[in-house]
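Chain by chain, the residues run as shown.
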Amino acid sequence: MSSSHASLRAPVLPPDEVTALLAPDGPISAYFSQFEMREAQYKMLERIVEAFNDKQISLIEAGTGTGKSLAYLIPSLLWAHKTNERVVISTNTIPLQEQLLHKDIPRLIKALNLPIKAALMKGMNNFLCLRKLHESLSELSFYPSTDAEEIHRIEGWKSDTHCNGERASLPFTCSSGTWDKVGAESDTCNKMQCPYYQECYYFQMRKRAQDAKIVIVNHHLLFADMVLKASSKDSTGILPPYSRLILDEAHNIEDTATDYFASRISQLDIVRLLARLTTEKGGREHGKLIVLKQRILEKYKDKIPHELKPIYNRLTFDLPGLRQDVLTQTRHLFEALFNFSQTMVSKQQKKERESPHSEQKLRLHAADYSVHAWTQGIHPLIKILSEALHRFGASLIGIVADINLLKDLSFQETVAGTLCEIEGLSQRIQALADETLSFITLPPTHQSARWIELQAFKTMINTALVDAKLDIADLLASFFSQIPTVILCSATLTTNGQFSFIRKRLGLTPEKLKERTIKEYDYPSPFNYPKQAFLGIIKDLPQPNESAFNGEAAQAIFRLIEASRGSAFVLFTSYSMMTECFQAIKDSLLARHYNLSKQGDADRHQLIKRFVSTERSVLFGTDSFWEGIDIVGEALRCVIIVKLPFRMPSDPIIEARSEAILANGEDPFMTYSLPQAIVKFKQGFGRLIRHKNDRGCVICLDNRLVTKRYGVQFLNSLPPCQKVHDSLDAIIEQMNQFYRSTYHLTKQ
Ligand code: SF4
């Protein structure tokens, strides 16, 4: 009865009216230059309209060039306009957010003539805190000169009428130590009690989002909001209420959620946190506790009132001792963890291990918690550090409470901002104490992976303890179940033509979402891949696990770069191999006047900018360079994939997930490692053709693509292009032919 009523009711978005907007003489073509009707886009739009009208969850793979942003933006805008409900669009990368906010949405608003507002929301720490800036300016004499100089520059930037308070738009790279002094943070924010509340950049951004019906966020902020709304602490969350959710770049969701929900304590984080209270630099002490002491001396000179004396004494004698205790115990614990990890390395060295030199992860098992080195070494040290943190945090909270009880209002006013920050930091220290303790009270379980992480910096190795959830499917399913419409889209959701992998990993199964309709659609790219792309698989290189592979691969990369005359991406699966290959051929490439960039030389954005703006560019990259980069035209005409992008089986989270899958009676390679690698491979391949006039070669040096049975699943997941498996010489010959025969495309 109710369903027949529902079907009789006119849909909010009449499908014919909405799809008519894409007609050649329709409003979209008038406002989008070079717009052409694409069948896949038309169908995708139809399906999204249906998902909005019928409260569905839809997974949509839309190949490059489908125009998926318009296909989801049109119904989102119309829905928001007709129902007054808010639509949230979550992405993984900043470039996509900017394209939506500054290009696609404004043009659509004009084309459809809709009075709709859109806003981009970012995390709080991206914004300047005016109160902290004001305080920092009054504390400059307490700061090292480099920090003081940066704060002056931030003040100058803030005075500019165009300043939006976002760290990303600062005209210089600000050190993290300085940003700690001026960046907005939830636990040091006085919210409505803050004298700068009305002009606060962060709260203005939230206000704009309240007024907007389309809100753009990243996946991280989406999860932060989800957790806050589920907690009793702040059920209003960060994002304003919404009823429809679009997740673009949805293939990244499991990784982002795993990272977001992981628990982590690191030596560097503790030292940085303490440094905000007191640190020594240039032979002087700095930090909020030093500022507080100086404020007492400035106000009372040597006549400190009787009731303030004990506080001053605690600041002078007790707190430095407690802080030193935390630092000493931190050092002891993390040194012990480092040594413990090294004994594990020697135990595990027989296993296949290829961590990048800059990072090592060593998994902790429940059995490790009963070995002598843990029970007698690490366990007591974690406990001692947790207690030291608790003592220090409690003492700080005591100081703040005692100052607030004083009757000297003018003094309280002078130090209000400093106290607010000390209070916020002390709460963070207390939370850290609890988190530290949880690493011994709760040994590793089957639901999580725990590991020691070693990260090499120029002058130190940072050691961390990490615990990450194995399965986030239940969490996500419960989140998705509460939202009437959820659209998950990406150019890479399927593997071997199936959605089963992503559906299982994200909890989008009929068992977990019993009440919901879940649909899936796969729209191929409209580009002419057989004409535009050539895939070469080299057959005469050693197998990737043979010791000769790296050396021969480096020489092959040199020859392939010569064949494409640069304009090449070289994509690796490990940092160490990237560095080794780069060193091996760097001089030969420089002698041939190539402009070389390597991941780590500058930030990703600068590297890509340099790559696009120079001739004969070559970029060597790993992980994040496989996706989210959109280079159109001749600037990129060759992508070299050195190895199939399987994640390290010894990576703790991969290993633990594989064990859990095996325990469940399934094959972890076929159901987890392989589909994950295929998604990444498709992303790497997808860097090449971004426009209908693009052309180029993808060359894979890993011939498992044809020699292994599973290779066909990689190949079946790619668009139908020319594929050749041959010797390096023959592939180079065919590349030359391909570039000659497709030259005309570059002139269109
Ligand atoms: S409201 Fe919070 S973030 Fe904004 S200026 Fe004040 S303290 Fe800083």
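The residue count restarts for each chain, going from 1 along the sequence in the order it is written. Given that this is a predicted model, residues contribute local features only at a pLDDT of at least 70 and side-chain atom pairs are listed and counted only at 80 or more, while totals for whole chains, interfaces and linings are drawn from all residues. Side-chain metrics rest on all non-hydrogen atoms present in the structure, leaving aside hydrogens and water.

A.B. asks: Would you mind going over the domain arrangement of the chain in detail, with residue names and values included?
C.D. replies: Under the domain assignment, the chain is made up of domain 1 (3–85 + 483–523), domain 2 (264–469) and domain 3 (529–747). Domain start and stop positions are those given by an automatic or database domain assignment. With centres defined by C-alpha atoms, the gap from domain 2 to domain 3 works out at 42 Å.

A.B. asks: Give me the lowdown on the pairing of strand 12 (residues 485–490), citing residues and values where you can.
C.D. replies: Note on classification: 1.4 Å probe, protein chains only; a residue is buried when its accessible area is under 20% of the maximum for its type, exposed when over 50%, partly exposed between these limits. Only DSSP runs of H or I covering at least 4 residues are called helices, and only runs of E covering at least 2 are called strands; the numbering of each starts at the N terminus. Burial analysis of strand 12 places six of its six residues in the buried class, which makes it a mostly covered element. When DSSP locates at least two bridges between a pair of strands, those strands are taken to pair. Of the pairings in the sheet, the one linking strand 1 (residues 57–62) to strand 12 comprises five bridges and is parallel in character. Looking across to strand 12, one finds that isoleucine 60 is bridged to cysteine 489. Here strand 5 (residues 244–247) runs beside strand 12; their pairing, made up of four bridges, is parallel. By the bridge assignment for strand 12, leucine 247 is matched with leucine 488.

A.B. asks: Can you break down the site of the ligand residue by residue, with the values?
C.D. replies: Consider each residue's heavy atoms; a residue with any of them within 4 Å of a molecule or strand counts as near. The environment of the ligand is formed by Cys129, Leu130, Arg131, Ala184, Cys189, Asn190, Lys191, Cys194, Tyr196, Cys200 and Phe203. Put simply, Ala, Val, Leu, Ile, Met, Phe, Trp, Tyr, Cys and Pro go in the nonpolar bin, Asp, Glu, Lys and Arg in the charged bin, and everything else, Gly too, in the polar bin. Of the residues belonging to the shell around the ligand, the class tally is eight nonpolar, one polar and two charged.

A.B. asks: Can you break down the pattern of salt bridges residue by residue, with the values?
C.D. replies: Whenever a carboxyl oxygen of Asp or Glu lies within 4 Å of a side-chain nitrogen of Lys or Arg, that contact is scored as a salt bridge. Considering all chains together, one arrives at 46 salt bridges under this definition. Among the salt bridges present, the one from glutamate 139 reaches lysine 288, with a minimum N-O distance of 2.9 Å. Here glutamate 139 is found in the loop between helix 7 (130–138) and helix 8 (145–159), whereas its partner lysine 288 is found in helix 14 (residues 288–300), with 149 residues between them in sequence. There is no split in this pair, since glutamate 139 and lysine 288 are both buried. Between lysine 383 and glutamate 387 there is a salt bridge, and its shortest N-O distance comes to 3.7 Å. Of this pair, lysine 383 and glutamate 387 both sit in helix 16 (residues 372–405), four residues apart, which is roughly one turn of the helix. By relative accessible area, lysine 383 is classed as partly exposed at 39%.

A.B. asks: Mind laying out the packing of aromatic side chains, listing which residues take part and the relevant values?
C.D. replies: Side-chain rings of Phe, Tyr and Trp, where Trp is taken by its six-membered ring, are said to pair if the distance between their centres is within 6.5 Å; with planes under 30 degrees apart they count as stacked, over 60 as edge-to-face, and otherwise as tilted. The final tally for this structure, using the stated rule, is 26 aromatic pairs. A ring pair is formed by phenylalanine 646 and tyrosine 710, whose centres lie 5.6 Å apart and whose planes are at 85°; its orientation type is edge-to-face. Taken together, the positions of phenylalanine 646 in the loop between strand 18 (638–641) and helix 24 (652–663) and tyrosine 710 in the loop between helix 26 (704–707) and helix 27 (711–716) put the pair 64 residues apart, joining distant regions of the chain. Of the two residues, phenylalanine 646 and tyrosine 710, neither departs from the other in class, the shared state being buried. Each residue in the set Phe646, Phe669, Phe681, Tyr710 and Phe714 is aromatic and connected to the rest through ring pairs, giving one cluster.

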